[in-house]
Amino acid sequence: MELTMGSLPVANVQALAAASRDVPERYIRPEAGAHPGFADCGVDIPVIDFSRFLDPDSSRDESSKLHLACQNWGFFQLINHTVPKEVIEKMKLDVREFFQLPLEEKRQLAQVTGDVQGYGQLFVVSKDQKLDWADVLYLNTQPAPERCLRAALDNYSAELKNLADRLLEIMAKNLELNPDVVTDKFKVGIQSIRFNYYPPCPQADKVLGFSQHSDADLITLVLQVNQVQGLQIKRSGEWFPVMPLPGAFIVNVGDIFEILSNGRYKSIEHRVVVNTERERLSIATFHSPQSHAMIGPLQELVRGSGARYKTVNHEDFMKLFFSSKLDGKSFLDRMRY
């Protein structure tokens, strides 16, 4: 089977959901039924208050909380952050309006062969693989693209890059890395944003909005556009729903950070389930190093324990990542010695 760096075209799920209550076979997922028995209560992932980093009297304690969250959970909710409310609300409005457009208008931004950017589905690499119950719009937003962004997206992208850079700097310092390493490895070079639309499904226990995966980046910030729960994280072999706090970003450590930290910080598998009656919308913003960065354990974190992961260049990293989508093998497993 040929490896593709893009995504094959598939049917529009929003249109499928509107046309029929029947779910096509390619969307039926036996593993989707493995929902936790306590789905209504969720799991209390750590909550990090960003404003406490700005106060010398509380920054040390909050940094310690962040360090433990990255070590033990790989996920946390970020409150009292620096992204202005008006920037968030305008971005939410634009996302709602986009997914309400007629299908033919949305298809003007359809993905093209060999490119994941655009409107469609991500990581469809074969004509017989199971599909997710979702439509997405995926855009590369940093470095600033040559084409013009709408003002709301431009502002949102810049604010999240700034917030991610500040978070990454704190996380790197928690690992006792020197400033030169922080600048070289942990400053965001590449940012991409995935706008997610999960239609309601009458057979919600038979489909997945987004398949089980971990994120192949440094850090991801997820914003709920509406308050329909769907994100689940895997912990101790079980799936736990995450209940987003109003106004918070749900943040998770990515595969690249786990590799750079030589396994000290954890990139956790997660997935999305859907609702029987209500649509769910979210915005996931991914942050990665610059394209020339080598990806492997930092020498400062290898001493004494040895490297747990290989070191590869960006091109080989992307090949391994897309190969994992082709055969279903964990990307991190491919990187481990």
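The name given to the protein in an unreviewed UniProt entry is 2OG-Fe(II) oxygenase superfamily, with Musa troglodytarum as the source organism. The heading Sequence similarities (unreviewed entry) in the UniProt record of the protein holds the text "Belongs to the iron/ascorbate-dependent oxidoreductase family."

Where helix α2 (residues 59–72) contacts helix α5 (residues 151–174), the two axes come as close as 10 Å, and the packing angle between them is 85 degrees. Judged by the angle between their axes, α2 and α5 are roughly perpendicular. Note on element contacts: α5 touches α2 through I170, M171 and N174, opposite S63, L66, H67 and C70. Considering only residue class, the contact of α2 with α5 consists of 4 nonpolar, 3 polar and no charged.

Tallied over the full model, the rule gives 14 salt bridges. Residue E62 is joined to R52 by a salt bridge in which the shortest nitrogen-to-oxygen separation is 2.6 Å. Of this pair, E62 sits in helix α2 while R52 sits in the loop between β1 (47–49) and α2; the two residues are 10 residues apart in sequence, bridging distant segments of the chain. Exposure remark for E62: the relative accessible area of 2% places this residue in the buried category.

As recorded in UniProt, the sites labelled "domain: Fe2OG dioxygenase" (unreviewed entry) are residues 189–289. Helix makes up 6% of residues 189–289 and strand 45%, whereas the separation of the span's terminal C-alpha atoms amounts to 5 Å.

Take the side chain of S192 next. On the secondary structure map, S192 appears in strand β5 (residues 190–198). Ignoring any residue separated from it by four or fewer positions in sequence, one finds S192 in contact with Y138, L139, N140, T141, A284, T285 and F286.

This brings us to the packing of helix α3 (residues 85–100) against α5. Contact geometry for α3 and α5: axes closest at 9 Å, N-to-C directions at 130 degrees. One way to sum up the angle between α3 and α5 is to call them oblique. You can see that α3 and α5 cross each other, and the crossing is left-handed. Each of V87, I88, K90, M91 and D94 in α3 lies in contact with α5, whose residues at this interface are A152, L153, N155, Y156 and E159. Split into classes, the residues belonging to the contact of α3 with α5 amount to 6 nonpolar, 1 polar and 3 charged.

Let's shift gears to the packing of aromatic side chains. In this structure the tally under the stated criterion is 9 aromatic pairs. With a centroid separation of 5.4 Å and 90 degrees between ring planes, the pair formed by Y27 and W133 is classed as edge-to-face. With Y27 in the loop between α1 (13–19) and β1 and W133 in the loop between β3 (118–120) and β4 (135–142), the pair connects residues that are 106 residues apart, well separated along the chain. The rings of F98, F99, Y119 and Y197 are connected pair by pair, giving a single aromatic cluster.

Attention shifts here to α5. Along its 24 residues, α5 runs 35 Å from first to last C-alpha, staying within 8% of the 34 Å computed at 1.5 Å per residue. Directly beyond the C-terminal end of α5, a positive phi value near 60 degrees is found at E176.

For the rest of this paragraph, the subject is the sheet that holds strand β8 (residues 231–235). Strand order in this open sheet of 4 strands is β6-β11-β8-β9, and the pairing throughout is antiparallel. Strands with a single pairing partner mark the edges of an open sheet, and in this sheet they are β6 (210–213) and β9 (238–241). Sheet twist, expressed as the mean angle between neighbouring strand axes with direction ignored, is 25 degrees.

Right, let's talk about the environment of D180 for a bit. Along the polypeptide, D180 turns up in helix α6 (residues 179–186). Here the alpha-carbon distance between D180 and R334, two residues 154 residues apart in the chain, equals 29 Å.

Inspection of the sheet shows β8 paired to strand β11 (residues 270–272) by 3 bridges, in the antiparallel sense. Residue pairing for β11: L231 is matched across the bridge by V272. Of the pairings in the sheet, the one linking β8 to β9 comprises 4 bridges and is antiparallel in character. By the bridge assignment for β9, I233 is matched with F240. Taking the residues that link successive antiparallel strands as the turn, the β8-β9 hairpin has 2 residues, and the phi of S236 there is positive, at about 55 degrees.

Moving on, we get to the sheet that holds β3. The 8 strands are arranged β1-β2-β10-β7-β12-β5-β4-β3 in an open sheet whose pairing can be described as mixed. In this open sheet, the two edge strands, each paired with only one partner strand, are β1 and β3. Averaged over all neighbouring strand pairs, the angle between strand axes comes to 25 degrees, with direction disregarded. Along the sheet, α5 contacts β2 (75–79), β4, β5, β7 (219–224), β10 (249–253) and β12 (280–288); its crossing angle with β7, the most-contacted strand, is approximately 130 degrees.

Attention shifts here to unusual backbone geometry. Cis geometry is found at the peptide bond from Q142 to P143, where omega equals 0 degrees. On the secondary structure map, P143 appears in the loop between β4 and α5. Phi angles above zero are rare outside glycine, and N80 is one such case at about 50 degrees. Along the chain, N80 falls in the loop between β2 and α3.

Basis of the calculations
Residues numbered from 1 in each chain as written. Predicted model: local features only at pLDDT ≥ 70, side-chain atom pairs only at ≥ 80, totals over all residues. Heavy atoms only, no water. UniProt positions renumbered as here; feature names shortened; annotations may be inferred. Axes fitted to C-alpha atoms, helices over the stretch in contact; angles between N-to-C directions. Helix = DSSP H or I, 4+ residues; strand = E, 2+ residues; numbered from the N terminus. Parallel < 35°, antiparallel > 145°, perpendicular 65-115°, else oblique. Contact = heavy atoms within 4.5 Å. Nonpolar A, V, L, I, M, F, W, Y, C, P; charged D, E, K, R; others polar. Salt bridge = Lys/Arg side-chain N within 4 Å of Asp/Glu carboxyl O. Buried < 20%, exposed > 50% of the residue type's maximum accessible area, 1.4 Å probe, protein only. Left-handed = near helix turned anticlockwise from the far one by under 90°. Phe/Tyr/Trp six-rings, centres within 6.5 Å; stacked < 30°, edge-to-face > 60°. Expected span 1.5 Å × (residues − 1). Pairing = 2+ DSSP bridges.

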